[in-house]
Amino acid sequence: MRTDKVGGASDPFEVVVIGGGLAGLAAAWRLRKQRVLLLESGDRLGGRLYSQREDGDDYWLNFGAHLFPAPGGVVDSMAKDVGLETLPITGSMMGIAYKERILASGPIESYPLRLPLPVREKIAFARAGVRLKRAVARYHQVLSRRPGESEAELRQRSLAYLDDRTFSEFLGDLSPETASIFACAAHRATAEPASLSAGSGIGLFALVWGGAGSLIARNLVGGSSVLPEALGRQLGDRVRLGAEVRRIAPRAEGIQQIEYTMDGQAEVAEARHVIVAVPAPIAAPLVAPISRVAAESLSAITYGPFLSMAMRTNEVAAQPWDDVYALATPGRSFDMFTNHAQILRTSAERAPGGSLMVYAGGDGAARLMARPDEEIKQTFLEDLHRLYPGTRGIVAAAKVHRWKLGNVYARPGRHRLQPALEGPLGESRNVHLAGDYFAELGSMETAAKTGDSAAQRVARALASGG
Ligand SMILES: Cc1cc2nc3c(=O)[nH]c(=O)nc-3n(C[C@H](O)[C@H](O)[C@H](O)COP(=O)(O)OP(=O)(O)OC[C@H]3O[C@@H](n4cnc5c(N)ncnc54)[C@H](O)[C@@H]3O)c2cc1C
């Protein structure tokens, strides 16, 4: 076993970051002028940001997160630091396809009237919609930041909002048809309405209806992976890929020992601070020797799966989905249809080809992801052709990706887990958590923000000799 300090020097690393998703990257990026090492178990950076682009192709395949937050946040600032710029999405983001009808324009309040539902269903759907709209308005009111309130305090209030019941209980009795429409929305959080907390379900709609300033309103030309790749290039040898951390343990006062494997070899690094930026179920056993209570909270955090299929298409003419960015698709094998070429449809002349993705979340995704790739492809493609018959014959390539830990979601009672996760952990207060699970719904910005906050804490401690 090799013990790695700083390039052979006798001092330990100032900080080791575990996990190269956005949370870990934000931490490493903030601390790039320190002696920092980022350990990532996979063969690429980005975690749940994952896109692929063939050399010379204008289009990219997208498998994971793709909606970037509005300017002004941590993700935006990192992107700008490496010379990238996200662009506002101009296509429809709130479309819905139900049975044979596709609604991709007009006020959402009009959807219940325009969907092919029996009159009684339209009324029930409209009623639930009004309750939800009111709850979203209240959510924005209640959760606007109070003077002097810290991020952690705001998070705690946000997690506690309507955390005593499920989203199903909040929605009340719905017929199976209307319930399937709301279930499709909950699947965007990888949950079923009966397991999602009411506050979380309302927060999801607040996000989706959030408009241009929302956490999910922009795109990165070239694909989401362009950002982690650019950060990785600049971080250079501060990053180790294929480095799977197995254990963290206090070695001496103020020093943590990080055991990992790389290229089949056992390795050890030592560090004054450790930022653990891996999903909660993976973080739990890692921090157990340092904080039992944090490990227990991490183990109780819930994730659901996503199953995505990215497709390169080879159409030569304009298509009915050209102006659509995202469409909810209740009642199908997938819950969402997204058009990743939409951001490129800026000129009057429409370039041939395109890139689409469909994905499922929640119980349906869990069932289907157990099947072989070919069966998943066939199931998704048949449904896609029913949705847009024009897709028949133009799908040149389709690739499936399984996200077992697709996204984090809050169950009722979630806010009680939070205090154990905030702030430095352990006797030496030098182990820190970061990740999207700090919020009731995972997002790029939460991940990056928590990584950045942990890094700022570390920078302050190092500056004062800690
Ligand atoms: C299909 C899909 C669509 C999504 N859409 C959006 C969207 O449009 N907008 C949005 O804001 N969010 C979206 N999300 C959520 C968003 O991707 C996540 O919230 C965010 O990227 C999480 O970042 P993270 O750094 O916390 O975790 P991750 O991205 O999961 O990063 C954790 C990293 O740790 C590594 N790791 C794990 N174990 C170890 C170990 N033992 N040692 C070393 N490394 C380890 C992993 O390989 C991974 O790279 C989506 C997610 C999915 C899956």
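Residues numbered from 1 in each chain as written. Predicted model: local features only at pLDDT ≥ 70, side-chain atom pairs only at ≥ 80, totals over all residues. Heavy atoms only, no water.

If you check an unreviewed UniProt entry, the chain appears there as Oxygen-dependent protoporphyrinogen oxidase from Amycolatopsis sulphurea.

Q: Quick one: what's the story with the packing of aromatic side chains, residue by residue and with numbers?
A: Under the defined criterion, the tally for this structure stands at 12 aromatic pairs. Taking the centre distance of 5.6 Å and the plane angle of 75 degrees together, the rings of Phe 125 and Phe 182 count as edge-to-face. One end of the pair, Phe 125, is in helix H4 (residues 119-142); the other, Phe 182, is in helix H7 (residues 176-187), with 57 residues separating them in the sequence. Classification of Phe 182 as buried rests on a relative accessible area of 4%. Consider the rings of Phe 306 and Tyr 359, whose centres lie 5.0 Å apart with planes at 80 degrees: the pair is edge-to-face. Here the residue Phe 306 occupies a position in strand E14 (residues 302-313), and Tyr 359 occupies one in strand E17 (residues 354-361), the gap between them amounting to 53 residues. When its relative accessible area of 12% is taken as the criterion, Phe 306 is described as buried. Overall, the relative accessible area of 10% leaves Tyr 359 in the buried class. Among the aromatic residues, those joined into a cluster by ring pairs are Phe 125, Phe 167, Phe 170, Phe 182, Phe 205 and Trp 209. Positioned over the ring face of Tyr 50 is Arg 44, at 3.9 Å from the centre of the ring. The ring of Phe 170 carries the charged tip of Arg 131 above its face, separated from the ring centre by 4.6 Å. (Phe/Tyr/Trp six-rings, centres within 6.5 Å; stacked < 30°, edge-to-face > 60°. Helix = DSSP H or I, 4+ residues; strand = E, 2+ residues; numbered from the N terminus. Buried < 20%, exposed > 50% of the residue type's maximum accessible area, 1.4 Å probe, protein only. Lys NZ or Arg CZ within 6 Å of the ring centre and 35° of its normal.)

Q: Report on the UniProt feature "binding site: substrate" (unreviewed entry) in the chain, specifying residues and quantitative values.
A: With numbering matched to this structure, UniProt assigns "binding site: substrate" (unreviewed entry) to Tyr 359. Ignoring sequence-local partners within four residues, the contact set of Tyr 359 consists of Arg 188, Phe 306, Leu 307, Ser 308, Phe 334, Asp 335 and Met 336. (UniProt positions renumbered as here; feature names shortened; annotations may be inferred. Contact = heavy atoms within 4.5 Å.)

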